[in-house]
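Single-letter residue listing:
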Amino acid sequence: MLIKDSFSNCFAPFLLDNYNRIIMVDYRYGKESVGSIIEKNESEDTLQEFDASDLFGDDFTE
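## So, the overall build of the protein
No. 1: Scanning the protein for helices and strands turns up two helices and three strands.
No. 2: Mapped in sequence order, the helices and strands of the protein form the string β-β-α-β-α.
No. 3: Across the 62 residues in the protein, those meeting the buried criterion constitute 21%.
No. 4: Here the protein has roughly 5000 Å² of accessible surface; of this, 50% comes from carbon and sulfur atoms.

What follows is the structure in structure tokens.
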């Protein structure tokens, strides 16, 4: 499972050689919690990848 924002769309193809199925979740638009998506799909591996300003807020500086 790849928990992502739009910046991570270009990264997903690099996962294809190592996984049979990739579930991409954009946490900004989800109506279901990420935890319930992980449980429902029995995800074993989870990667969170998104822009640092999303992680730290818009006022993120050096």
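Back to the write-up after that little detour.
## Quick word on the layout of surface pockets
No. 1: Within this model, the largest pocket holds a volume of roughly 320 Å³.
No. 2: Lining the largest pocket are 15 residues, and of these Met1, Tyr19, Arg21, Glu44 and Asp45 sit closest to its centre.
No. 3: Residue classes in the lining of the largest pocket are distributed as seven nonpolar, four polar and four charged.

## Overview of unusual backbone geometry
No. 1: The residue Glu42 is not glycine, and still its phi comes out positive at about 50°.
No. 2: Among the structural elements, Glu42 can be located in the loop between α1 (34-41) and β3 (47-49).

## A closer look at the pattern of salt bridges
No. 1: One pass over the full model with this rule turns up one salt bridge.
No. 2: A salt bridge links Glu32 to Lys40; its shortest N-O distance comes to 3.3 Å.
No. 3: By relative accessible area, Lys40 is classed as exposed at 57%.

Conventions used here
Residues numbered from 1 in each chain as written. Predicted model: local features only at pLDDT ≥ 70, side-chain atom pairs only at ≥ 80, totals over all residues. Heavy atoms only, no water. Helix = DSSP H or I, 4+ residues; strand = E, 2+ residues; numbered from the N terminus. Buried < 20%, exposed > 50% of the residue type's maximum accessible area, 1.4 Å probe, protein only. Areas by Shrake-Rupley, 256 points an atom, 1.4 Å probe, with all protein chains shown as cover. 1 Å grid on protein atoms, 1.4 Å probe; cavity = no way out; pocket = protein on both sides within 12 Å on 5 of 7 lines; lining within 4 Å. Points joined across faces, edges and corners; volume = space filled by probe spheres on them. Nonpolar A, V, L, I, M, F, W, Y, C, P; charged D, E, K, R; others polar. Salt bridge = Lys/Arg side-chain N within 4 Å of Asp/Glu carboxyl O.

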